[in-house]
Amino acid sequence: MGYTIRKRTQEDVAEFIKWTYEGVYSFYDNNIQEEKINGFLQSVNTDQMYSVVDGQRELIGNCEFFDVGEPPEEIMAVGVQMRPDLTGKGNGLAFIQSIIEQARRLIGYNHLELAVAEFNKRAIHVYEQAGFKRKGDFENTIRGKDYNFIIMEKDWCIVRNGER
């Protein structure tokens, strides 16, 4: 299944803000995170923040890339989110692969990192299938509760004059 990333629209953001998830995944609900809502509202038509659509141009997710290294755009962090009704149905690997391949061509990074809540075993599995390796972890307090996060990374080997 092919997915495409494109610049966000106001309509996309209005939809993202409504997304809620079942059970333990309600941690990712967009409507209860003021910081997330404000970020979405400011992300329309910006660089490095995209909507993800399927072959019928239907909105199925979003992704954001952030510079975290020197030189800029060499090392990026990514955040991804799939529409709630599509999660857990076996489309995660195609989703993440489409995002990282297209964004790499657009942005040009050689190293990609992400943070995932430790309880989100199905996302961790998908990221490992996509070639991400565990790099470290950290704890963060969100809405008054402590959560453990795993940092994962993926490198693309660049060879210049025999050096990596």
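All of the points below concern the structure found in this document. (Residues numbered from 1 in each chain as written. Predicted model: local features only at pLDDT ≥ 70, side-chain atom pairs only at ≥ 80, totals over all residues. Heavy atoms only, no water.)

### Observations concerning the overall build of the protein chain
Stated precisely, the cut-off is as follows: Think of it this way: any DSSP run of H or I at least four residues long counts as a helix, any run of E at least two long counts as a strand, and we number them from the N terminus. For this measure, only C-alpha atoms enter the radius of gyration; the expected value for a globule follows 2.2 Å times N^0.38, where N is the number of residues. Think of it in three bands: residues with accessible area under 20% of the maximum for their type are buried, residues over 50% are exposed, and the middle band is partly exposed, with areas taken using a 1.4 Å probe on protein chains only. In what follows, residue pairs with any heavy atoms lying within 4.5 Å of each other are defined as contacts. In this tally, Asp and Glu contribute negative charge and Lys and Arg positive charge; neither His nor the terminal groups of the chain are included. All charge positions are set by atom: Lys at NZ, Arg at CZ, Asp at CG, Glu at CD.
Tallying secondary structure elements over the protein chain gives four helices and seven strands in all. The secondary structure elements of the protein chain, listed N-terminal to C-terminal, are β-α-α-β-β-β-α-β-α-β-β. Its C-alpha atoms give the protein chain a radius of gyration of 16 Å, near enough to 15 Å, the size a compact globule of 164 residues would have. In terms of principal-axis extent, the alpha carbons of the protein chain reach across some 50 × 35 × 30 Å. Within the protein chain, the proportion of its 164 residues that are buried is 42%. Sequence separation of at least 24 residues holds for 59% of the intrachain contacts in the protein chain that already meet a minimum separation of 6. If the 20 positive side-chain charges of the protein chain are averaged to one point and the 26 negative ones to another, these points end up 5 Å apart.

### Comments concerning the pairing of strand 2 (residues 49-53)
Working note: regular strand, side chains alternate between the two faces of the sheet. Where we set the bar: One bridge is not enough; two strands pair if DSSP finds at least two bridges between them.
Among the five residues that make up strand 2, five are buried, leaving the element largely enclosed by the rest of the structure. Across the two faces of strand 2 the burial is the same, with Met-49, Ser-51 and Val-53 and Tyr-50 and Val-52 all buried. The sheet contact formed by strand 1 (residues 4-7) and strand 2 spans four bridges and is antiparallel. Paired with Ile-5 across the bridge in strand 2 is Val-52.

### Structural notes on unusual backbone geometry
Generally, phi is negative for residues other than glycine and the peptide bonds are trans, each holding for most cases. Of note, Gln-48 is a non-glycine position whose phi angle comes to about 75°, a positive value. By secondary structure assignment, the location of Gln-48 is in the loop between helix 2 (34-41) and strand 2. For Gln-48, a relative accessible area of 14% corresponds to the buried category. The backbone of Arg-57 sits at a positive phi, close to 70°, despite the residue not being glycine. Structurally, Arg-57 can be placed in the loop between strand 2 and strand 3 (59-67). Exposure remark for Arg-57: the relative accessible area of 51% places this residue in the exposed category.

### Some remarks on the packing of helix 3 (residues 92-107) against helix 4 (residues 121-129)
For clarity, the threshold we go by: Where helices are involved, their axes are fitted lines through C-alpha atoms of the stretch in contact, as for all axes, and angles between N-to-C directions lie from 0 to 180°. Orientation is classified from the angle alone, with under 35 degrees giving roughly parallel, over 145 giving roughly antiparallel, 65 to 115 giving roughly perpendicular, and any other angle giving oblique. Helix crossings are classified by the rotation of the near helix relative to the far one: an anticlockwise turn of less than a right angle makes the crossing left-handed, while a clockwise turn makes it right-handed. Classification convention: Asp, Glu, Lys, Arg as charged; Ala, Val, Leu, Ile, Met, Phe, Trp, Tyr, Cys, Pro as nonpolar; all other residues, Gly among them, as polar.
Packing of helix 3 against helix 4 leaves a shortest axis separation of 9 Å and a crossing angle of 55°. One way to sum up the angle between helix 3 and helix 4 is to call them oblique. The hand of the helix 3/helix 4 crossing is right-handed. Taken together, the residues of helix 4 that come into contact with helix 3 (itself represented by Gly-92, Leu-93 and Ile-96) are Val-126, Tyr-127 and Gln-129. Classifying every residue of the contact of helix 3 with helix 4 gives four nonpolar, two polar and no charged.

### Side note on helix 4
Rule in force here: For this quantity, the arc is that covered by the directions from the helix axis to the C-beta atoms.
Where helix 4 is concerned, the buried positions are Ala-123, Ile-124, Val-126 and Tyr-127. The buried side chains of helix 4 occupy one side of the element, clustering within an arc of 160° when seen end-on. Buried residues along helix 4 sit against strand 4 (75-82), helix 3, strand 5 (111-117), strand 6 (133-142) and strand 7 (145-155). Gly-131 lies just past helix 4 and shows a positive phi near 100°.

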